[in-house]
Amino acid sequence: MSLSSRLYTVASPKLCALPHNSPFFFRKYPSTLTRSLGFASQSLRASLSFSTRATVMGDTDAGMDAVQRRLMFEDECILVDENDRVVGHDTKYNCHLMEKIESENLLHRAFSVFLFNSKYELLLQQRSATKVTFPLVWTNTCCSHPLYRESELIDENALGTRNAAQRKLLDELGIPAEDVPVDQFIPLGRMLYKAPSDGKWGEHELDYLLFIVRDVNVNPNPDEVADVKYVNRDELKELLRKADAGEEGLKLSPWFRLVVDNFLFKWWDHVEKGTLLEAADMKTIHKLA
């Protein structure tokens, strides 16, 4: 059966009862046919895309962890321009290929969560060894992407990104949604940066910086997180010193380092004073790297 015949079959049993070359067929069902073929085409692409792409990827990325491999093609990141206007979507795989980033200037929306407990200590995570980009580096509480889905595309008050943050805190750190209500995330700013991870992979992100102060239950997912710890200011400064000195093989993610060097300690003051809203500036997009 040809592709067009299969699409007609999927589209509607009633349409299939008519000869497809009949003028009556097109006169009677023009809009229905268009919509049905569109939905059928999307369905067929969805059913074939993962297996087809996974086969292609398998030729060059056979050593990739199975979980990360699946997420690379199942997750559709939100493509934006440098003013944070949505321009499309693409797979996580394509969005993190340096070749695509450089040749097509792919820029995707991201977020970085900074979660503090009631002692005003910051929760850090060490990314798992199986992460495709920046494995085993230490970074802020959670770093990921809102996906191209209705609930995570809501621009008003960064609601879509806050929804995504709540989802990923559960996925990566096992933090229940009720521990991190969406309305408790405070978007403080946005930054745009580019950072290669190795010769093949990298980041080019417009990153929303989300702060939240909550005592939470943490149960890390080993597919995503190798270790976690809370740090106070002095402990973080010691971590920075060790990373700069190359001690203990300790490395920090480039986005975390950009936030530390440009914003974190002055924002930490607002965390302790309970005045985070005074620090918020969501109009500016800081182009840092």
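As the structure is a computational prediction, the values presented were derived from the model and not from experiment.

A. Summary view of the environment of Gly 189. Counting through the fold element by element, Gly 189 comes out in strand 7 (residues 186-196). Sequence-wise, Gly 189 and Asp 281 are 92 residues apart; in three dimensions their C-alpha atoms are separated by 5.2 Å. The contact partners of Gly 189, leaving out residues within four places of it in the chain, are Asp 207, Tyr 208, Leu 209, Trp 267, Asp 281 and Met 282.

B. Just the nonpolar core, in detail. Core analysis: the biggest nonpolar cluster contains 34 residues, and Leu 122, Phe 211, Leu 236, Phe 256 and Leu 264 have the highest contact counts within it. A total of 10 residues in this core trace back to one element, the largest contributor, which is helix 10 (residues 254-273). What Leu 236 contacts, discounting residues up to four positions off in sequence, is Leu 124, Val 231, Phe 256, Leu 264, Phe 265 and Trp 268.

C. Layout of the packing of helix 9 (residues 233-245) against helix 10. Running from N to C, helix 9 and helix 10 point in directions that differ by 170°, and their axes come no closer than 12 Å. Of the possible angle classes, the one that applies to helix 9 and helix 10 is roughly antiparallel. Contacts between helix 9 and helix 10 pair Arg 233, Leu 236, Lys 237, Leu 240 and Asp 244 from the former with Phe 256, Arg 257, Val 260, Leu 264, Phe 265, Trp 268, Asp 269 and Glu 272 from the latter. Partitioning the contact of helix 9 with helix 10 into residue classes produces seven nonpolar, no polar and six charged.

D. The state of the cysteines, seen in detail. As enumerated under the stated definition, the model contains zero disulfides in all. Note on Cys 95: no disulfide assigned, nearest cysteine sulfur contributed by Cys 77 at a separation of 4.4 Å. Here Cys 95 falls in the buried class, since its relative accessible area comes to 0%. Of all cysteine sulfurs, the one in Cys 142 lies closest to Cys 143, which takes part in no disulfide; the gap is 6.3 Å.

E. How the structure looks around the pattern of salt bridges. Enumeration over the complete set of coordinates arrives at 19 salt bridges. With its nearest N and O atoms 2.5 Å apart, the salt bridge here joins Asp 269 to Arg 233. Taken together, the positions of Asp 269 in helix 10 and Arg 233 in helix 9 put the pair 36 residues apart, joining distant regions of the chain. A relative accessible area of 34% means that Asp 269 is categorised as partly exposed. For Arg 241, the salt bridge goes to Glu 247, with nearest N and O atoms at 2.9 Å. Within the structure, one salt-bridge network assembled from shared partners comprises Asp 84, Arg 109, Asp 155 and Arg 190.

What counts, and at which threshold
Residues numbered from 1 in each chain as written. Predicted model: local features only at pLDDT ≥ 70, side-chain atom pairs only at ≥ 80, totals over all residues. Heavy atoms only, no water. Helix = DSSP H or I, 4+ residues; strand = E, 2+ residues; numbered from the N terminus. Contact = heavy atoms within 4.5 Å. Core = buried A, V, L, I, M, F, W, Y, C linked by side-chain atoms within 4.5 Å. Buried < 20%, exposed > 50% of the residue type's maximum accessible area, 1.4 Å probe, protein only. Axes fitted to C-alpha atoms, helices over the stretch in contact; angles between N-to-C directions. Parallel < 35°, antiparallel > 145°, perpendicular 65-115°, else oblique. Nonpolar A, V, L, I, M, F, W, Y, C, P; charged D, E, K, R; others polar. Disulfide = S-S within 2.5 Å. Salt bridge = Lys/Arg side-chain N within 4 Å of Asp/Glu carboxyl O.

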